[in-house]
Structure formats: C-alpha cells, structure tokens
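Fold and contact review
Here are the chains, one letter per residue:
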Number of protein chains: 2
Amino acid sequence: MNDLASLETPALLLDRTRLDANWKRLSERIAALGPGLRLHVKTAKSLDVVRRLHGGQPAPICVSTLKEAEIFGRHGYRDIFCTVALAPNKLARAAALAASGIRLKVVVDNVDLARSVAGAPIDVLIEIDSDGHRAGLKPDDPRLIEVARALAGGSAALAGVMTHAGASYNCESVDGIRAMAEQERAAAVHAAARLREAGFPAPLVSVGSTPTATYAQDLSGVTEVRAGVFVFFDLVMAGIDVCSADDIAISVLATVIGHQEDKGWALTDAGWMALSRDRGTAKQRVDQGYGLVCDASGKPLPDLIVVDANQEHGIVAHRSGDPARLPDLPVGTLLRILPNHACATAAQHERYQVLDGTGRIEAAWERFSGW
Amino acid sequence: MNDLASLETPALLLDRTRLDANWKRLSERIAALGPGLRLHVKTAKSLDVVRRLHGGQPAPICVSTLKEAEIFGRHGYRDIFCTVALAPNKLARAAALAASGIRLKVVVDNVDLARSVAGAPIDVLIEIDSDGHRAGLKPDDPRLIEVARALAGGSAALAGVMTHAGASYNCESVDGIRAMAEQERAAAVHAAARLREAGFPAPLVSVGSTPTATYAQDLSGVTEVRAGVFVFFDLVMAGIDVCSADDIAISVLATVIGHQEDKGWALTDAGWMALSRDRGTAKQRVDQGYGLVCDASGKPLPDLIVVDANQEHGIVAHRSGDPARLPDLPVGTLLRILPNHACATAAQHERYQVLDGTGRIEAAWERFSGW
C-alpha cells in the first residue's frame, strides 16, 4: 500500500485488471451472440481507458455529448454515434464533425428534430421506446414512418433504429433482465421491419444497456449492442446481480480525518464532491448509502457504508448504526469507497490513478468533462 | 432572449443582479450584528465571482480544498481558512501555502490531527460540534483542552474555535433556524471561554451557515461568520424560507428535445450531469424533483419540475403527473432549471454565463473543480 500512501485524498482509483476482465467478458459474450459491441464512452470519458479496451485501435463508439465526439474524433475515431438527441443549437457543431471526416450518427424520435437534422451530412437512427423509461417512439407508433419521411430529401441518411432499455436497471431478478433484453431486441427489430416494409432503409439495429447486454440470450436481427457502465461496474449493477462487488473497477480513495465515537462514525475526506450525490442503491434490496467501504487493498469491510455525505466530508458507519460495530479506523487510515454509479462518481474526478494487479500505481489517465 | 439562443445547452446561467443583491443583503446584515463576514468560496469556485462580491479587493475567505486555497492564494488572497480538516497526506501542500505568505487557517477536532499539524507554520482552530450533524468536539468535551495542549510547542498557533451548524438546513421553521443560530453561537463562545480559562489563546470565534447567518439575532462573542450558498441560493434554501425562488441566482439552461405525450413529459438535454444528482428537496415540504422549471426569462412555470434525470436527459412534467397540465413546450423551447443545491449544480459546470439585469450575456466567468 505504499503506492496509495503517496496519493492525496480523495483520489479516483482504477483497477486495470478488473477493467480488462470486464471488457473481455462482455465483448466475448456479445461476439458469440453475433452483433458488434459499440462501447459507450460516456462512463470513462478518457482516451486512455478506451484505447486500452480497444487494444490501441480506434473502433466504433457511442457518446453522450459532442465534446466526447470531438475529442475522440481528433484522435482517429471515425464511427461515432451520439445517443442523445441533439437540440437544434448543437447542429452546427455536429455538421463540423461530419465535415472533418467523422461518420457521425445521431438519434431523433420526432418530426421536428428530424426536419432540423435533415440538412446535415450525418446518419440518423430513429429512437424506439422499448421500455417506457425515457425517449423514443413505441415500435408500432404511426409516427415512425412520418419521422422517416421527414428525413428524406436532405443530406442526412436514415440508417436504422436504436433503443436503450434503461428500465433494466430497475429489474429485480436475472429473469427480469433476460425478459427485458428480449423486449428491447423485439422492439428494435420490429420497428426496423416496419421501416423496411415502408420502403425505408434500416441497416442498423442498435440496442443495449449493461444489464441487457450481460443477460441477453438471443440477439437475432440486432446489428450492434451498446454498453458503457460494464467497463467499471458499480454497486447498482451489483445490486441487480449484473456483477459482483469484486468486479467493480473504480473506487474513491479516502482518509479518515476524525470520529464521533458516540455515534459510531468515522469521518473521511471523501464527501459527495468525490463520491457524487448518486443514491442509486436507495431503492434496491440493499441500500449502500453513498458507497460501500473497503480497506486500502480493496477488500470490503463487512457492512461498512458511507451513511451520509457533505461536500467534502463522508460519514462512515456500520449499516446497523451500532457504534460498537465500527471497526478501529485510526485517523490517517486509508479506505476505498465503491461507488453507487460509475458514471456519476467518475464524473467528479479529473483523472484515474491506475492500479496494476499488485496494487501499485502504474499510470494516471486523464478524463474530461463538460459539453 | 436572443442572447440565450446563442448558447449551446446545457449551460449554467448566473443572474448578476441577484448575485449582487444576495451579497449586499447578507453582508449588511452581518456587519450590523458586529462580526466580519468570511465568504466560503466552495460554492462559486470562481475568482470572477468572488472578486465581484469583494469589489475587486482580496478579503478573508474560507475554502473546502487546498486547490481553492492555492488558486485564490496565487491571486492575492492572504487570509484563507480551510474548513475541512486536512488528512496528513495534505500537510506538505498546506505548509507550502503558508511558506508562500498566506495566513493559512485549518481545523482540527482530535489529538491525532493536532499533533500532525503542530509542526506547520499555520493557524489552527478547534472544531466544535454545535448541532450533532458532523465533525467537532462538544463544547464541554474534556478533549478540547487536550487538543489545545497537543498543538503547543510547535510552529502552529492555536487561533480559536469554529463551528458550522449544518443541521440548520433541516430546520422546519424560521424560529427553528433562529434557535439553531443561538445554539451555534453559544457553543462556539462557550468553547472559546473554556480555552481562555485554561490559559490558551482563542482570539477567533468563527461560526456560520447560510441559514443561521440569515436569521441570527445576536452574535455576541462571535468574531466572524462564514457562509457561501447565500451568494447563489437554491431550492433547498427556498424550501426553508431562507430565500425565495426569485433570489436564486443560478439556473441551468436546457432545450426541449422531445416528448412522451401520453405521460405528460417534455424531455430536455439537461440531465443529472448538468443538474447534479442532488435531491436535497426530497425530504422538504415541497419536493422539487431535480429542479424547478422556468421559462427562458427565468419566470417559474407553475408546478413544472424535473421529475427524473438520466445522464444527459431531463424529464420535465407537471408536479401532479397529469399529462393535461403540461404546457405547450415545442421542441427547441429553452427552459431554465433552478437547482436544488447551488454547490452541487455549479460543480457540474466549467463556467458561468453571466446575465445582466436585462437578461443579456455580459461575460463568461470560469470556475474550477478538483482538489
């Protein structure tokens, strides 16, 4: 642990061995099922992380912001799918990306947006609502054909359909996730078939979320799977059996700075600014507070969680609230906090401190934020 | 609104007229009560904002990170109080700040930390727990004198006591906040008296939070008040009558990108990455979801809130859930979202788009993040 003692806290740690294993497991799984795997870089937001996963070669990615597209585009990535519909105020930037040689794909789910993008030299996928959780047209919605028509005649090319079964995060069993994966697949395949029957091209059928990608049993008709969280995993994913806590590749290093003995609290210097305000496990079977506490080697301390967080203070306590069950954690003790939500926690940091298989720091990988 | 239409969304807006008024109101109030006002810069994290408030001249500030101290220190600020206890791994940086000519103040609440800072050329305040919400020694704790003794003999100077009644955020009435302010004052003054009786110096008696600073009626014995959130205010503060929604100086500009008509949803491009995951109003009388929705001029749209948020999507709906009560918000409509928690929302952004009194953009003020 000498290497960790050289860091100032809070710091974001990345276990490279777990990262590699997470990538290998899912990419082999999806390859065996047939489709391509398009990595969502919104979780890592780091060239170094994505290069590592792709073996150094640019590969198809998806992004949640044009800033991600621009940064990866400047570094050789050419097939970039922005999975958040673009407000009209972003179209000039999108067109500039396309003009720079990037094959940019965007989503629309309404005629207004379709008309606004129709003049840009980009590929357009129509978003399908497979689970009722957010955006998209239901696969049987008559407006699917209207949107396809609104795209015609300009520089944009209708490229197919996409859907994201984000509701899979709320499934309460593996069987539930398997059913959601089939619902996601069927919705996208059906919508693509409707477009083709109406005479429109729909070569791409893009689906995905980390839970459905992990448990899908059949991806017939799907051309690509999108996922991002799986590279790091987190407690929300562990809470629905998509991973185990031992697969979680990122953690926040914190130092004990004080105690309230009567309450059974150890105070640390990792508050919500370092952990994020995400409370994604609050409605799961096991509420992990603001994160699960591990020792400096990454081994979970039984039932120790971050029960509350202020901006730069975390409050660590036993899940039971029993002061007698707080282990001895002297001032200066280093702890690692596993995050509820990898995307949210990583977004609070400017870099990853990368640990090799022996717990030594082998690199610092920069990440970016903003739009 | 032509100026706002020139922005890409999401963007963080700062109403400079409200900022100025918020500063004037509280600084005049505290001056009338006697103590100094030490601005907490952890909310704004922006030289431009703080310079504006202090009329361009460096003044005493408090910080939550050494990065804040370093950045303000490089720009002429000399009296800097770091209100988060420093883990031993940060002491070398703190000593370097002191060596650069900054009068650095830090907090401790235990003998271990007191010993670790005793050798550094810094001022030390002992943290007092006035409300049971986080760190600090109870004013009557015998260890108060032990901590003072542990500081003696080195380069560090015991400078007094500090407390922060963060529990005031959970008060349910103005009378409750007034009582909390008196509790905060009395705890700090009593602890300082105990130190003086034991022969230790305690020239500084530092208290504060935005709610208690707003409603304190007597600050006898207090030498300075610390507050930060009041410069921007937020929905949590409005929910406990510390401000009104019309005082809130920051908002997130978002664009409508789609709808789910059957659910009464308008989807925007401001998700939790732009709003933060903070749900501080969830336990208040009125739950504001992920934020209160205003039109582009900043006027609240009755009972319209962000009911849910994904990374880059916000879901806007009527508080009742009634689809018929969603107003007409065509794709492309600009909205402003008032934040639950100013510190958390501002932290998601790299700059403020500053609006003058007529709603025109007069500047972009950079902010920073990290540790």
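The shown structure was predicted, so the numbers you read here are calculated from the model rather than taken from an experiment. (Residues numbered from 1 in each chain as written. Chains lettered and ligands numbered in written order. Predicted model: local features only at pLDDT ≥ 70, side-chain atom pairs only at ≥ 80, totals over all residues. Heavy atoms only, no water.)

1. So, the packing of helix α7 (residues 143-151) of chain A against helix α8 (residues 174-197) of chain A
Packed helix pairs are specified by the crossing angle of their axes together with the interaxial distance, meaning the distance between the axes. Residues and elements named next belong to chain A. As a reminder, the rule being used: An axis is simply a line fitted to the C-alpha atoms; with a helix, the fit covers only the stretch in contact. Between two such axes, the angle follows the N-to-C directions and lies from 0 to 180 degrees. Numbering goes from the N terminus for both helices and strands, where a helix is a DSSP run of H or I of at least four residues and a strand is a run of E of at least two. By definition in this entry, angles of less than 35 degrees are roughly parallel, angles greater than 145 are roughly antiparallel, angles of 65 to 115 are roughly perpendicular, and the rest are oblique. The sense of a crossing depends on the near helix, which, turned anticlockwise from the far helix by less than a right angle, makes the crossing left-handed and, turned clockwise, makes it right-handed. Two residues qualify as a contact provided that any one of their heavy atoms is within 4.5 Å of a heavy atom in the partner residue. In this classification, the charged set is Asp, Glu, Lys and Arg, the nonpolar set is Ala, Val, Leu, Ile, Met, Phe, Trp, Tyr, Cys and Pro, and all remaining amino acids, among them Gly, are polar.
Viewed as axis vectors pointing N to C, α7 and α8 meet at an angle of 60 degrees, and their least axial separation amounts to 10 Å. Classified by the angle their axes make, α7 and α8 are oblique. As α7 runs across α8, the sense of the crossing is right-handed. Of α8, the residues touching α7 (which contributes L144, I145 and A148) are A191, R194 and L195. Looking at the contact of α7 with α8 residue by residue, the classes come out as five nonpolar, no polar and one charged.

2. Quick word on the relation of the copies chain A and chain B
Heads up, the rule is: Superposition of the copies used a least-squares fit over C-alpha atoms from residues whose pLDDT is at least 70 in both.
Expressed as a screw operation, the relation of chain A to chain B combines 0.0 Å of axial shift with a rotation of 180 degrees, fitting to an RMSD of 0.0 Å. What the superposition gives is, in effect, a two-fold axis relating one chain to the other. Among all residues of chain A, the one whose C-alpha sits closest to the rotation axis is R277(A), at a distance of 2.5 Å. The fraction of interface residues of chain A whose copies in chain B are also interface residues reaches 100%, indicating that both copies meet through the same surface.

3. What about the interface of chain A and chain B?
What counts is decided by this rule: Defined in terms of a 1.4 Å probe, buried area is the accessible area two parts forfeit on being brought together, summed over both. By definition, a salt bridge exists where a carboxyl oxygen of Asp or Glu is found within 4 Å of a side-chain nitrogen of Lys or Arg. Pairing of N or O atoms within 3.5 Å defines a polar contact, subject to two protein rules: one partner must be a possible hydrogen donor and the other a possible acceptor, and residues neighboring in sequence count only if both atoms are side-chain atoms.
Contact residues are listed per partner, giving 61 residues for chain A and 61 residues for chain B. Here chain A packs against chain B, burying approximately 4,800 Å² in sum over the two surfaces, 51% of which is carbon and sulfur. Contact with chain B buries area across many residues of chain A, yet E8(A), R134(A) and W371(A) alone supply 16% of it, more than any other trio. On inspection of chain A and its partner chain B, the count reaches ten salt bridges. Counting across the chain A and chain B interface gives 33 residue pairs in polar contact (both at pLDDT 80 or more). At the level of secondary structure, the elements contributing two or more residues to the side of chain A that touches chain B comprise α6 (111-117), β10 (250-260), β11 (265-268), α11 (272-275) and α12 (342-346) of chain A. Per-element tally for the side of chain A that touches chain B: the top contributor is β10(A), with four residues. Classifying every residue of the side of chain A that touches chain B gives 21 nonpolar, 21 polar and 19 charged.

4. Quick word on the packing of helix α4 (residues 66-73) of chain A against helix α5 (residues 91-99) of chain A
All names here are of chain A. For the pair α4 and α5, the least separation of the axes is 11 Å and the interaxial angle reads 20 degrees. Our classification of the angle between α4 and α5 gives roughly parallel. Between α4 and α5 lies a crossing whose hand is left-handed. When α4 is examined against α5, the residues L66, K67, A69 and E70 are found in contact with a partner set consisting of R93, A94 and L97. The residue makeup of the contact of α4 with α5, split by class, is four nonpolar, no polar and three charged.

5. Quick word on the state of the cysteines
Rule in force here: Note that a disulfide, as used here, is simply two cysteine sulfur atoms within 2.5 Å. Exposure categories follow from relative accessible area, calculated using a 1.4 Å probe and restricted to protein chains: below 20% of the type maximum is buried, above 50% is exposed, and the middle band is partly exposed.
In the structure shown here, the tally under the stated rule is zero disulfides over all chains. For the unlinked cysteine C343(A), the closest cysteine sulfur is that of C62(A), found at 11 Å. C343(A) gets classed as buried once you look at its relative accessible area, which sits at 0%. Cysteine C62(B) remains unbridged, with the sulfur of C82(B) as its closest cysteine sulfur at 9.3 Å. When its relative accessible area of 0% is taken as the criterion, C62(B) is described as buried.

6. Section: the pattern of salt bridges
Evaluated as defined, the whole model comprises 56 salt bridges over all chains. One salt bridge connects R38(A) with D79(A), and the closest N-O pair in it is separated by 2.9 Å. Residue R38(A) is found in strand β2 (residues 36-40), and its partner D79(A) is found in strand β4 (residues 79-82); the two are separated by 41 residues along the sequence. One salt bridge in this structure joins K105(B) and D79(B), with 2.9 Å as the shortest N-O distance. Placement of K105(B) in strand β5 (residues 103-108) and of D79(B) in strand β4 (residues 79-82) is noted, with a sequence separation of 26 residues between them. Residue K105(B) is classed as buried on the basis of its relative accessible area of 5%. By relative accessible area, D79(B) is classed as partly exposed at 22%. Here the residues in one salt-bridge network are R16(A), D20(A), R52(A) and E362(A), joined through shared partners.

7. Details of the environment of L97(B)
Residues and elements named next belong to chain B. Within the element layout of this structure, L97 appears in helix α5 (residues 91-99). On the accessibility criterion, L97 (6% relative accessible area) is buried. Sequence separation of L97 and F232 is 135 residues, and the distance between their C-alpha atoms is 28 Å. Apart from the residues lying within four places of it in its own chain, the contact partners of L97 are L66, A69, E70, I102 and L104.

8. Re helix α2 (residues 16-33) of chain B
Residues and elements named next belong to chain B. Quick reminder of the rule: Expected span, for any helix, means 1.5 Å times one less than how many residues it has. The reported arc concerns the directions from the helix axis to the C-beta atoms and nothing else.
A rise of 1.5 Å per residue sets the reference length of α2, with its 18 residues, at 26 Å; its end C-alpha atoms lie 26 Å apart and thus fit the reference within 8%. Regarding α2, the residues found buried are R16, L19, N22, W23, L26, S27 and I30. Viewed along the axis of α2, the buried residues span an arc of 125 degrees, placing them on a single side of the element. Just downstream of α2, G34 is the residue with a positive phi angle, here 120 degrees.

Any link to function would need more than the numbers given here.
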